[in-house]
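# Report on the structure
Here is what each chain is made of, one letter per residue.
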Amino acid sequence: MARGWNAEMARRDTLEHQDVGALLGQPPLEDLAGIGENIFTATGPVPAGTLHAGWMRSDDHRVNVLNPGWDQVGIAVLCAADGSVWAAQEFGRSTGADLPPITHETPPAEPLGRPEDDGPRCG
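Residues numbered from 1 in each chain as written. Predicted model: local features only at pLDDT ≥ 70, side-chain atom pairs only at ≥ 80, totals over all residues. Heavy atoms only, no water.

## A word on the overall build of the chain
A tally of regular secondary structure across the chain gives four helices and three strands. Moving toward the C terminus, one meets the helices and strands of the chain in the order α-α-β-α-α-β-β. Scaling as 2.2 N^0.38, a compact globule of 123 residues should have a C-alpha radius of gyration of about 14 Å, and the chain matches this with 15 Å. Projecting the C-alpha coordinates of the chain onto the three principal axes gives extents of approximately 40 × 35 × 20 Å. Split into buried and exposed, the 123 residues of the chain put 37% on the buried side. Sequence separation of at least 24 residues holds for 68% of the intrachain contacts in the chain that already meet a minimum separation of 6. (Helix = DSSP H or I, 4+ residues; strand = E, 2+ residues; numbered from the N terminus. Rg over C-alpha atoms; globule rule 2.2 N^0.38 Å. Buried < 20%, exposed > 50% of the residue type's maximum accessible area, 1.4 Å probe, protein only. Contact = heavy atoms within 4.5 Å.)

## Describing the state of the cysteines
Tallied over the entire structure, the rule returns one disulfide. Two residues share a disulfide in this structure: cysteine 79 and cysteine 122, whose sulfurs sit 1.7 Å from each other. Of note, the bridge from cysteine 79 to cysteine 122 carries an S-S torsion of about -75° and is left-handed in sense. In this pair, cysteine 79 is assigned in strand 2 (residues 72-79) and cysteine 122 in the segment after strand 3 (85-94), connecting sequence segments 43 residues apart. In this structure cysteine 79 comes out as partly exposed when scored by relative accessible area, which is 43%. Look at cysteine 122 and you get buried, because its relative accessible area is 9%. (Disulfide = S-S within 2.5 Å.)

This is the structure we're talking about:
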């Protein structure tokens, strides 16, 4: 799901969330009771650490990353031919999962477990 959405955003050259609610109940997601999404783009290469730190420093994105109600995650990064970078994190909750409810409460910003702006990059 993350890989396909990256390709679609790159094709359209538009950073936007997909209608994840409309995907519930459709194959291959029929066993999910909830879906969340984080997305990112850059015009040139960025280290994976920069991307991760950016999501973790954003309240709305950190809610998804640290949410105890998710039990599935798919992560993909697309390095497009024009040098742009597209990334998506897709979060899911299995139907009947024995987990806390999906929360919208913002977890603390600190400590940021890995603040280094390093790691693999496109290019």
